Amino acid sequence: RIGRRRESFTRRAKQAMSLAKPWSWLRSAEHLWLALPSSGRFGLTCLSVAAPLAFFFVGGGPGSLARKSMRLLLFYRGWMYRDSGQLGGVKTSSKMQLRKRMYLASLRVLWHAIESERWLLGRGKRGLLYAVQDTLPQLPLPKLRDTCQRFLASLRPVLRSEEYEHLANLVSELASRGGSGEALQAGVERKAGACQGQQSWVEEAWEDELLARRDPLPVNSNWYGLDRLDTPTSSQARRAALLISGALRFQRHIAVEKLQPLRIMDVVPLCMHQYRRMFFTSRIPGRARDSLETRAPTGRTVPHVAVMCKGQTFAFDVCHANGQHLSVDELEYQVGGVLARVEKMQASERQPRVGILTSERRQVWAEVREKLSEVNEENRRALEQIEGAIFLLILEGASPSGSDSPGLGGSPSQQMTLQARLALMGDGGNRWFDKSVQAIVFNDGVAATNVEGSWADAPVAAHLFGFMHDYEDLVASREVERSAALRTPSRDGGPSSLPPPLHLKWRLTSEVAQALDVAEDRFAALVVATDLSVTHFRYFGKGFIKKCQISPDAFVQMALLLAYYREHQRLGLCKEGAHTRQFFHGRSENLWTVTSDAVAFVKAMAHLDVSCAETKLHLLRRACMSHVQRVKEAMSGLGIDRHLLALRQVARERGETHAALEAWADSPGTPLLLESSQAPAQRGPSGGFGSAQAGGFAVSYSIREDNMYLHICHRRPHSSEPEPAARGGGRGGPGGATGEVVEGAAGKLARGIEKALLEMSVLCTKRAATAMVNSLSTLEISDT
């Protein structure tokens, strides 16, 4: 019997190895596993647990077997395409799903091995924040022809025949053998080889693209976030102190690398490089290109926070001389001192609202900043205090949701809309849009955020705000305040012995003062041109959509396209952001959401009657599957935009111009009409961003378990008459950031999205169960 088992195992093992091909080791491992008897499987499982503990720590360091194994596994990206079909992706076989589970389980074992290795070898003192950075794979460089094919396929549904043929000729010339495109691709490949292990091949091109933009930062670059719904305190000074204390703790965790790296499915690690520029960072304006400067304190320099209140700027240290952070009570005392000084300040003591200059076009602000620095040393010190602060605290007046804000009431959605306008723009003078992070606190304790967009992507800053909220809960439960390790005792004399906050002074020339007036007028025009709407969709969320076996993100994207088509009777360029942070120094990629399947679904919903529910559901599922496939391609490094951007940068360095690349940069045939992004998960209504395209829409959505939040921003065309989304006297002036909400194009699109979501949900209810089965049986699904 033993001999027969040995022969059976040998035969199946040989069969498994005969099937082995490069990168198919998972299939061979699966055959070997099935060939083992149950006792053999148990023994191998025990060995797989014991062997890493006995062997992984022998080498240690970057060259250990655990790290080498994780680096090798992370190069494999096929796990993203192994789908059960329950979330709208193309369903793959059970064997492929088994290999995906084995792959993720292997990564989990290696992660725990690396974690244990660091502690056993004495490296755990620095934490795990950057522990697996050197195991992350480089962002893959797509082939030129593949990118060109995807580029044409993305534009085919939105271009007329003659426009498409013209573009296809240009792209074919770029991708032809021996053509100029191959030389550009070779240039990108050389850059990728030169930056191996240091940065991504697209990182320099992408940051140059962001920092070379000359548009004003508000609306065009900066984005906003709204507060949690359960405000922990109604005291403005106390809430500000809690936020400062939470940010200080987060910054300390980054400094000692105490944070855990974020991981997809709690297994696949993400790149944490962007966290290095979260604090002490500002975007410095330049005449041709801006720069990002991080001025972390060194030596005996004490970190400080900058505070703006009614256009007046202050700064105070957040650490004692011994390096310990100020306690929450001490921070509250300092913030209260700022509020009291501003309230009692005489007109002669008030300083000019220099912050409005940061809302100007970048080359204008660069020139004015140079002149401002040349006036005297006091101006230079004020700039250093703001730009070198850990972050910027904004103390605002009445909140739209507060009871002491007459005329600013209304429904919760209207209040959130007004709050979003204040967070995104405010009055301009009480902001410093160059700062990486601005925390805004209203007089009733409600908070918001404004974040500059070039230093990092939204999920990174959202991680900070989620940490702040959790820290507030700890303080509220008094777990932090009772712990001597987490609460710094006051110095002798209590908070009153702290030095008062420093009031920053400005000295202006007549030329700079005139620039202030011009900036005020231009900012008021920007506010009037910006239409914003925040909607809380209460009927269902991702829980219902998942039960329908559809991707929640794809479901909402189809609703966006349907609502836009109904409103404007056309579809143009529509893009969604996707992250590539599973790669070394990866950031983001755009995917173009209008596919042929999406167009078919949208037109069927818009023009067919209710008797065609089966056809509509079939088209919905097919459109969602196509969208999921594009998302996976973008996340796998097979996107379009970043590759074409890198090719265009190489062409510029060589002094060349290529019609196909310029056509891509100029949005061929049609302007960018709809930008969208799924907002990072937060405890509140999340946040949104502005549209940089005149006439375009920017949609941010947060999908919860049983509800959604929609943030829609519309940039009115220059030729159209203003449609104020806010009417009445507000801090933003006429049509400013506060006032009575009047529905504009953003509000109309929001109502259209709500209608589309409800209609699509009807297709997926039990009444359409028969149609669902029929549509699934007719889909031609191939094994990826």
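Placed above this text is the structure.
Everything numeric here is computed off the predicted structure, so don't read it as measured data. (Residues numbered from 1 in each chain as written. Predicted model: local features only at pLDDT ≥ 70, side-chain atom pairs only at ≥ 80, totals over all residues. Heavy atoms only, no water.)

A. The overall build of the protein, seen in detail. Check the secondary structure of the protein and you find 25 helices and 22 strands. Counting across all 784 residues of the protein, residues that qualify as buried make up 55%. Within the protein, counting contacts between residues at least 6 apart in sequence, those at least 24 apart form 75% of the total. (Helix = DSSP H or I, 4+ residues; strand = E, 2+ residues; numbered from the N terminus. Buried < 20%, exposed > 50% of the residue type's maximum accessible area, 1.4 Å probe, protein only. Contact = heavy atoms within 4.5 Å.)

B. Looking closely at empty space enclosed by the protein. What the rule picks out here adds up to five cavities of 30 Å³ or more. Looking at the largest cavity, its volume works out to about 150 Å³. The wall of the largest cavity is formed by 20 residues, among which L139, V202, T580, S588 and R642 lie closest to the centre. Within the residue set of the lining of the largest cavity, elements represented by two or more residues are α9 (203–211), β14 (588–592) and α22 (641–653). Class assignment of the residues belonging to the lining of the largest cavity gives a composition of eight nonpolar, eight polar and four charged. (1 Å grid on protein atoms, 1.4 Å probe; cavity = no way out; pocket = protein on both sides within 12 Å on 5 of 7 lines; lining within 4 Å. Points joined across faces, edges and corners; volume = space filled by probe spheres on them. Nonpolar A, V, L, I, M, F, W, Y, C, P; charged D, E, K, R; others polar.)

C. Representation of the side chain of E472 in the model. Structurally, E472 is set in helix α15 (residues 458–476). Classification of E472 by relative accessible area gives buried; the value is 1%.

D. Structural view of the sheet that holds strand β8 (residues 392–395). One open sheet accounts for eight strands, arranged β11-β7-β6-β8-β9-β10-β1-β16; its pairing is mixed. Two strands lie at the open edges of the sheet, namely β11 (502–503) and β16 (687–689), each paired on one side alone. Looking at chain direction, strand β1 (residues 223–226) and strand β10 (residues 447–451) are connected through four bridges and run antiparallel. Bridging from a neighbouring strand, L226 pairs with A448 of β10. The sheet strands contacting helix α11 (residues 328–344) are β6 (304–309), β7 (312–317), β8 and β11, and the helix crosses β7 at an angle near 155°. (Pairing = 2+ DSSP bridges. Axes fitted to C-alpha atoms, helices over the stretch in contact; angles between N-to-C directions.)

E. The arrangement of the pattern of salt bridges in detail. Throughout the structure, instances matching the rule amount to 46 salt bridges. A salt bridge links R71 to D134; the shortest N-O distance between them is 4.0 Å. Note that R71 is positioned in helix α4 (residues 65–74) and D134 in the loop between α5 (94–120) and α6 (144–155), a separation of 63 residues in sequence. Judged by relative accessible area, which is 23%, R71 ranks as partly exposed. Residues R566 and E759 are paired through a salt bridge, measuring 2.6 Å at the closest nitrogen-oxygen approach. With a gap of 193 residues between them, R566 in helix α19 (residues 552–568) and E759 in helix α24 (residues 745–763) connect regions that are remote in the sequence. By relative accessible area, R566 is classed as partly exposed at 25%. For E759, a relative accessible area of 25% gives the class partly exposed. Residues joined in a network through salt bridges with shared partners are D227, R228, D230, R239, D470, E472, D473 and R683. (Salt bridge = Lys/Arg side-chain N within 4 Å of Asp/Glu carboxyl O.)

F. Representation of unusual backbone geometry within the structure. The backbone phi angle of V219 is positive, close to 75°, even though this residue is not glycine. Within the fold, V219 resides in the loop between α9 and β1. A positive phi is found at S686, a non-glycine position, where the angle reads about 65°. Topologically, S686 is positioned in the loop between β15 (672–678) and β16.

G. Structural context of the nonpolar core. Grouped together as the largest cluster of nonpolar side chains are 88 residues, with contacts concentrated most on F151, F555, M558, L561, F601, L620 and I753. Sequence-distant contacts of L561, defined by excluding residues within four places in its chain, comprise L571, C574, T593, V594, A598, V602 and L674. Ranked by size, the runner-up nonpolar core spans 53 residues in total, among them A241, L243, M345 and I390. (Core = buried A, V, L, I, M, F, W, Y, C linked by side-chain atoms within 4.5 Å.)

H. Here's a closer look at α19. If you check α19, its first and last C-alpha atoms are 24 Å apart, about what 17 residues at 1.5 Å a residue would give, namely 24 Å. Among the 17 residues of α19, 14 are classified as buried, and the element is accordingly described as predominantly covered. Of the residues trailing α19, Q569 is marked for its positive phi of about 60°. (Expected span 1.5 Å × (residues − 1).)

I. View of the packing of α6 against α22. Close contact between α6 and α22 brings their axes to 10 Å; oriented N to C, the two are set at 120°. The angle between α6 and α22 falls in the class oblique. By crossing handedness, the relation of α6 to α22 is classed as left-handed. Between α6 and α22, the residues in contact are L144, T147 and F151 and H643, L644 and L647, respectively. Class assignment of the residues belonging to the contact of α6 with α22 gives a composition of four nonpolar, two polar and no charged. (Parallel < 35°, antiparallel > 145°, perpendicular 65-115°, else oblique. Left-handed = near helix turned anticlockwise from the far one by under 90°.)

J. Seen up close, the packing of aromatic side chains. Applying the stated rule across the entire model yields 13 aromatic pairs. Judged by centre distance (6.2 Å) and plane angle (15°), the rings of W432 and W506 are stacked. Within this pair, whereas W432 is found in the loop between α14 (412–424) and β9 (437–441), its partner W506 is found in the loop between β11 and α17 (510–529), the two being separated by 74 residues in sequence. Between F540 and F544, the aromatic rings sit 5.1 Å apart at their centres with planes inclined by 55°, giving tilted as the arrangement. The exposure class of F544 is partly exposed, given its relative accessible area of 25%. Following the ring pairs from residue to residue traces out a cluster consisting of F537, Y539, F540, F544 and F555. Stacked on the ring of Y164, the Lys or Arg R156 has its end atom at 4.5 Å from the ring centre. (Phe/Tyr/Trp six-rings, centres within 6.5 Å; stacked < 30°, edge-to-face > 60°. Lys NZ or Arg CZ within 6 Å of the ring centre and 35° of its normal.)

K. Here's a closer look at the packing of α9 against α22. At a minimum axis distance of 9 Å, the contact between α9 and α22 shows a crossing angle of 85°. Of the possible angle classes, the one that applies to α9 and α22 is roughly perpendicular. When α9 is examined against α22, the residues E204, A205, W206, D208 and E209 are found in contact with a partner set consisting of R642, L645, A646 and Q649. Considering only residue class, the contact of α9 with α22 consists of four nonpolar, one polar and four charged.

L. Main features of the environment of G747. The residue G747 is located in helix α24 in this model. Remark: the alpha-carbon pair of G747 and I712, spanning 35 residues in sequence, is separated by 7.7 Å. Excluding its chain neighbours within four sequence positions, the residues that come into contact with G747 are D531 and S533.

M. Just the side chain of D444, in detail. Tracing the chain through its elements places D444 in the loop between β9 and β10. One buried charged residue, D444, remains without a salt bridge, the closest side chain of opposite sign being R239 at 7.8 Å. Only 3.2 Å separates the side chain of D444 from the backbone nitrogen of V446, close enough to count as a polar contact. (Lys, Arg positive; Asp, Glu negative; His and termini not counted. Polar contact = N/O pair within 3.5 Å; in protein donor to acceptor, adjacent residues only side chain to side chain.)

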